[in-house]
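Survey of secondary and tertiary structure
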Amino acid sequence: MNTAVRHDFRSDTVTRPGPAMRAAMAAAEVGDDVFGDDPTVRRLEARMADMLGKEASLFVPSGTQSNLIALMAHCERGDEYIVGQTAHCYRWEAGGAAVLGSIQPQPLTNQPDGTLLLADIEATIKPDDPHFARTRLLALENTIGGKVLPLSYVDAATAMARRHGLACHLDGARVFNAAVALGVSVDTLARPFDTVSVCLSKGLGAPVGSVFAGSAPIIAKGRRLRKMLGGGLRQSGILAAAGLYALEHNVERLADDHANARALAQGLSALPGLSVSKPDTNIVFVNVAAKYASAFAEHLAGQGIGVTSAYGATQQRWVTHLDVGKAAVATALAAASEFFAAGATGTPAR
Ligand SMILES: *Cc1c(COP(=O)(O)O)cnc(C)c1O
């Protein structure tokens, strides 16, 4: 947006690397990673594979590319993947799987908790018949809209997919948030899946990068696809160093973001005209009564509080992260209360 945003709750992608992370980047040993020569990238890939309980992993420029590599590694032209209507790799990635992979999505309705009904998944798996696309893959997302998928659900859904011969991919852009929220290690959440994509540039606070993890053969395939998609980088150890720093220092602290999100949700839910769902992790959705919506949005913006608004500002998304701590939450709640204390009648209190 602009420099007038002082407390930026729009997304956890807005985090900026601090001095210690920048020092790690500056000191990184580098080489040409397309030649396989960058020791820092190799270290990050080995560390991530180890943490996720997979054989190998691949450092990629973005989560979007990581998901696209996954879809293209699992599916050939004319294959299809089963995915949620609200899933990032269906809805928010510019149709890349269709455009660049000739892969057909088979979207299904996400339930309010983010899951896909097992019966819906099973009913949409196509028989081997020349009329149909070949159903190859089930893609789930965890967290999805900030919600943590229940472990038992993931086990049941992936087991069912496997019974039908499908592979399973996890868009785990925020899987570390899910792991911290559940108090389990991240490999527990990755285990049911063949491949996993993880973002380093969300709550973990790195400036750039995602990691695609899986078996050695699928990662070798992924390495070729990464090159094809223009994601082969040279001295990318500079970026991988930020990722390594993030894994070392910014995982456990996600619990602070979750606590801040709960405090934010609690504070906002006490205000008239707002209805707030209890967050599992670091994302708070707020419904704003239509009569206040635009004035409330304007008031927050005027106070330097950045939030993401949709549907005429009646739906807000607040995301907590490294750069909006307790104090920012207190400031935001004070600004929100001030609006309603001023007897908000649809005119902004300024
Ligand atoms: C952010 C995000 C991505 C994509 O990451 P980019 O690095 O922004 O391309 C993929 N999946 C989910 C669930 C995300 O939140």
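In this convention, every chain numbers its residues from 1, walking through the sequence in written order. Per-residue local features are limited, in this predicted model, to residues with pLDDT of at least 70; the limit for side-chain atom pairs, both in listing and counting, is 80 or more; totals at the level of whole chains, interfaces and linings are taken over all residues. Side-chain metrics rest on all non-hydrogen atoms present in the structure, leaving aside hydrogens and water.

Points about the pairing of strand β5 (residues 134–141)
- Throughout this description, buried means an accessible area under 20% of the type-specific maximum (1.4 Å probe, protein chains only), exposed means over 50%, and partly exposed covers the range between. The helix count covers DSSP runs of H or I at least four residues long, the strand count covers runs of E at least two residues long, and both are numbered beginning at the N terminus. With six of its eight residues buried, β5 lies for the most part within the structure.
- Here, a strand pair is defined by DSSP locating no fewer than two bridges between the strands. In the sheet, β5 pairs with strand β6 (residues 167–171) via five bridges, with the strands oriented parallel. Across the sheet, residue Ala139 finds its bridge partner in β6, namely His169.
- The path from the first strand over the helix to the second decides the hand: if it runs clockwise while the strands point away from the viewer, the crossover is right-handed. With respect to chirality, the unit in which β5 leads through helix α7 (residues 151–163) into the neighbouring parallel β6 is right-handed.

Remarks on the domain arrangement of the protein chain
- For the protein chain, the assigned domains are domain 1 (13–249) and domain 2 (254–341).
- What fixes the domain bounds is an automatic or database domain assignment. Distance from the C-alpha centre of domain 1 to the C-alpha centre of domain 2: 29 Å.
- Residue-level contacts link 16 residues of domain 1 with twelve residues of domain 2.
- Buried area counts how much accessible surface, traced with a 1.4 Å probe, disappears from two parts once they are put together, with both parts' losses summed. Of the roughly 1,200 Å² buried where domain 1 meets domain 2, counting both sides, 59% is carbon and sulfur surface.
- We define a salt bridge as a side-chain nitrogen of Lys or Arg found within 4 Å of a carboxyl oxygen belonging to Asp or Glu. Seen at the junction of domain 1 and domain 2, the total is zero salt bridges.
- Polar contacts here mean pairs of N or O atoms no more than 3.5 Å apart (in protein, one a potential hydrogen donor and the other a potential acceptor; neighbouring residues in sequence count only if both atoms are side-chain atoms). Connecting domain 1 to domain 2 are four residue pairs in polar contact (both at pLDDT 80 or more).
- Following the grouping adopted for this structure description, the nonpolar residues are Ala, Val, Leu, Ile, Met, Phe, Trp, Tyr, Cys and Pro, the charged ones are Asp, Glu, Lys and Arg, and the polar ones are all others, Gly among them. Its residues assigned to classes, the side of domain 1 that touches domain 2 shows six nonpolar, seven polar and three charged. Whether two residues are in contact is decided by their heavy atoms: any pair within 4.5 Å suffices.

Concerning the site of the ligand
- It suffices for a single heavy atom of a residue to lie within 4 Å of a molecule or strand for the residue to be listed as near it. With respect to spatial proximity, the complete set of residues near the ligand consists of Ser62, Gly63, Thr64, Asn67, His88, Glu93, Glu141, Asp171, Ala173, Arg174, Cys199 and Lys202.
- Between an oxygen atom of the ligand and a side-chain N or O atom of Thr64, the distance comes to 2.6 Å.
- Between a nitrogen atom of the ligand and a side-chain N or O atom of Asp171, the distance comes to 2.6 Å.
- Protein burial of the ligand: of its 380 Å² of free accessible surface, 83% is covered by the chains.
- Per-element accounting of the shell around the ligand gives the leading share, three residues, to helix α3 (residues 63–74).
- When the residues that make up the shell around the ligand are grouped by side-chain class, the tally is two nonpolar, five polar and five charged. Working definition of accessibility: Shrake-Rupley area with a 1.4 Å probe, residue cover restricted to the visible protein chains.

Considerations on the pattern of salt bridges
- Evaluated as defined, the whole model comprises eleven salt bridges.
- A salt bridge links Asp32 to Arg234, with the nearest nitrogen and oxygen atoms 3.2 Å apart. With Asp32 in the loop between α1 (19–26) and α2 (39–52) and Arg234 in the loop between α10 (216–228) and α11 (237–249), the pair connects residues that are 202 residues apart, well separated along the chain.
- Taking the relative accessible area as the measure of exposure, Asp32 reaches 14% and is therefore buried.
- Residue class for Arg234 comes out partly exposed when judged on its relative accessible area of 37%.
- The residue Glu80 makes a salt bridge to Lys126 at a minimum N-O spacing of 2.7 Å.

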